[in-house]
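# Summary of the model geometry
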Amino acid sequence: MMYFGIYSYIVTILIFCGLAFALYVLASLLRKRSVILPAVDRKSILWTMVIFAAIVGPEEYVALSWRIWIYNPERTFDTIFFGAEVETFFFITLVVLVVSLATLVYARREDRKRKPGLSI
Amino acid sequence: MVEGAALEKLYGSKAHRGFESHLFRQKYLINQFMEYIFWLAIFVWLPIIILWAMNWEYLLKYKRTFLYCIIWAFIFSIPWDIWAVRADIWHFPSDTNIGVLIGGLPLEEYFFMAFVTILISTVVLLLKKYFETHTNL
């Protein structure tokens, strides 16, 4: 098992969200038309990121208060910001980004199947 | 609060949070081992139910999208979570989940992966619908 000290949480976020994002980039290089999203979708992704970043603080505050999960202070920055570990904001932003990308790519694909003439 | 302060002195601030959890259980008569389920019900299932109740017809058109996203979420999240628990980045105390462990993770964590993905997908699809009808492209 690899250890990265207080950067461990951040490193796992970068590895797993980075892998998911790399997969999207690779797919966009290989199958350009089906994965490239229209500009309006960037707005949807951005707003989803804002909404989840705003609610993650209170959610994690409750989770930590109820001891649903506990962070190891030696593997995280051990800094609480608006009720959550600072890394959690980074976590939710990147997770929302990759889940939103996947959702919109598949949703556009379903739209095209329903209406074959659709340009997006 | 003397007990809470003593706990904090002995085990640090996280133990104090445990004491708050104990008080919460006493106050609201929550059964032990149910905190994670309650947390999911309040912060994940309830928003999903509300959003789906209001937009089920539109969201149901994208059932395959939800299915694929959940599959991808499991592919990435399960190894991530197992690694994090084994590397002791975070852990799940045994007294706040129902105790069914799969691959070292509580069952509720799998619900978390699936339903948080559904929640994110739901929000982004509703925003897609909103911006499509309110933006002149």
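Everything below is about the structure shown above.
So, here is what we can say about the structure in this document. Worth saying up front: this structure is predicted, and the values here are computed from it rather than measured. All chains use their own residue numbering, which begins from 1 and follows the written sequence. All chains are assigned letters beginning with A, and all ligands numbers beginning with 1, in the order in which they are written. It should be noted that, the model being predicted, local features are given only for residues of pLDDT at least 70 and side-chain atom pairs only at 80 or more, the latter also being counted only at that level, while totals for whole chains, interfaces and linings use all residues.

## Some remarks on the overall build of chain A
The condition that has to hold: The way it works is that DSSP assigns letters per residue, a run of H or I at least four long becomes a helix, a run of E at least two long becomes a strand, and they are numbered from the N terminus. C-alpha atoms define the radius of gyration in this analysis, and the globule rule sets the expected value at 2.2 Å times the number of residues to the power 0.38. Any residue pair is listed as a contact if its two C-beta atoms, each placed from the backbone, are within 7 Å.
Counting secondary structure elements, chain A contains 4 helices and 3 strands. For chain A, the α and β elements follow one another from N to C terminus as α-α-α-β-β-β-α. Expected size for 120 residues packed as a compact globule is a radius of gyration near 14 Å; at 18 Å, chain A overshoots this value by more than 25%. Taking the principal axes of its C-alpha atoms as reference, chain A extends roughly 55 × 30 × 20 Å. Restricting to contacts in chain A with at least 6 residues of sequence separation, those with at least 24 account for 73%.

## Things to note about the overall build of chain B
Note the cut-off: Burial is judged by counting other C-beta atoms within 10 Å of a residue's own C-beta: 20 or more means buried, 12 or fewer means exposed, and anything between counts as partly exposed, with every C-beta placed from the backbone.
Counting secondary structure elements, chain B contains 5 helices and 3 strands. The order of α-helices and β-strands along chain B, N terminus first, is α-α-α-α-β-β-β-α. Looking at the 137 residues of chain B, the share that counts as buried comes to 26%.

## Re the packing of helix H4 (residues 86–114) of chain A against helix H4 (residues 63–86) of chain B
Note the following rule: Here an angle of 0 to 180 degrees is reported between the N-to-C directions of two axes, which are lines fitted to C-alpha atoms, with helices fitted over the stretch in contact. Two helices that cross are described as forming a left-handed crossing if the nearer one is turned anticlockwise from the farther one by less than a right angle, and a right-handed crossing if clockwise. Under the scheme applied here, ten amino acids are nonpolar (Ala, Val, Leu, Ile, Met, Phe, Trp, Tyr, Cys and Pro), four are charged (Asp, Glu, Lys and Arg), and all others, including Gly, are polar.
The geometry of H4 of chain A relative to H4 of chain B is characterised by a closest axis approach of 9 Å and an angle of 145 degrees between their N-to-C directions. When you trace H4 of chain A past H4 of chain B, the crossing you get is right-handed. Residues Val99, Ala102, Thr103, Tyr106, Ala107 and Glu110 of chain A of H4 of chain A form the contact with H4 of chain B, whose own contacting residues are Arg64, Thr65, Tyr68, Cys69, Trp72 and Ala73 of chain B. Among the residues making up the contact of H4 of chain A with H4 of chain B, the classes are represented as 8 nonpolar, 2 polar and 2 charged.

## Focus on unusual backbone geometry
Residue and element names in this part refer to chain A. Residues other than glycine seldom take positive phi values, yet Arg67 does so here, at roughly 60 degrees. Its place among the elements puts Arg67 in the loop between helix H3 (39–65) and strand E1 (70–71). A positive phi angle, close to 50 degrees, is found at Phe82, a residue other than glycine. Here Phe82 is to be found in the loop between strand E2 (80–81) and strand E3 (84–85). The exposure class assigned to Phe82 is partly exposed, which follows from the 14 C-beta atoms found within 10 Å.

## Let's talk about the packing of H4 of chain B against helix H5 (residues 107–134) of chain B
The description of two packed helices rests on the angle between their axes and on the distance between the axes. Residue and element names in this part refer to chain B. Worth spelling out the cut-off: Working definition: roughly parallel below 35 degrees, roughly antiparallel above 145 degrees, roughly perpendicular at 65 to 115 degrees, and oblique for all remaining angles.
As a packed pair, H4 and H5 sit with axes 9 Å apart at the nearest point and diverge in direction by 135 degrees. Judged by the angle between their axes, H4 and H5 are oblique. Note on packing geometry: the crossing formed by H4 with H5 is right-handed. Across the interface between the two elements, Thr65, Phe66, Cys69, Ile70, Ala73, Phe74, Ser77 and Asp81 of H4 pack against Glu109, Met113, Ala114, Thr117, Ile118 and Ser121 of H5. When grouped by side-chain class, the residues that make up the contact of H4 with H5 number 8 nonpolar, 4 polar and 2 charged.

## Observations concerning the interface of chain A and chain B
For interface size, the figure often reported is the accessible area lost on association. On the side of chain B, 43 residues touch chain A, which itself brings 40 residues to the contact. No other element matches the 14 residues that H3 of chain A contributes to the side of chain A that touches chain B. For the side of chain A that touches chain B, a count of residues per class yields 25 nonpolar, 9 polar and 6 charged.

## Observations regarding the environment of Ile70 of chain B
Residue and element names in this part refer to chain B. Within the secondary structure, Ile70 sits in helix H4. Judged by local crowding, Ile70 falls into the partly exposed class, with 17 C-beta atoms found within 10 Å. Counting along the chain gives 51 residues from Ile70 to Ser121, while the straight-line C-alpha distance between them is 9.6 Å. When sequence neighbours within four positions are dropped, the list of residues in contact with Ile70 reads Ala114, Thr117 and Ile118.

## Some points on the environment of Ile68 of chain A
Structurally, the position occupied by Ile68 of chain A is in the loop between H3 and E1. Take Ile68 of chain A: there are 24 C-beta atoms within 10 Å of it, and that puts it in the buried class. Considering only alpha carbons, one finds Ile68 of chain A and Ile10 of chain A, 58 residues apart in sequence, at a separation of 20 Å. Excluding residues that lie within four positions of it along the chain, Ile68 of chain A makes contacts with Ala63 of chain A together with Glu35, Tyr36, Trp39 and Thr96 of chain B.

## Considerations on the nonpolar core
To be explicit about the condition: Nonpolar core, as used here: buried Ala, Val, Leu, Ile, Met, Phe, Trp, Tyr and Cys residues forming one set through C-beta atoms within 7 Å.
If you look at the biggest cluster of nonpolar residues, it comprises 38 residues, and the most contacted ones within it are Val95, Val98, Val99 and Ala102 of chain A together with Ile120 and Val124 of chain B. In terms of residue count, H4 of chain A provides more of this core than any other element does, 12 residues in total.

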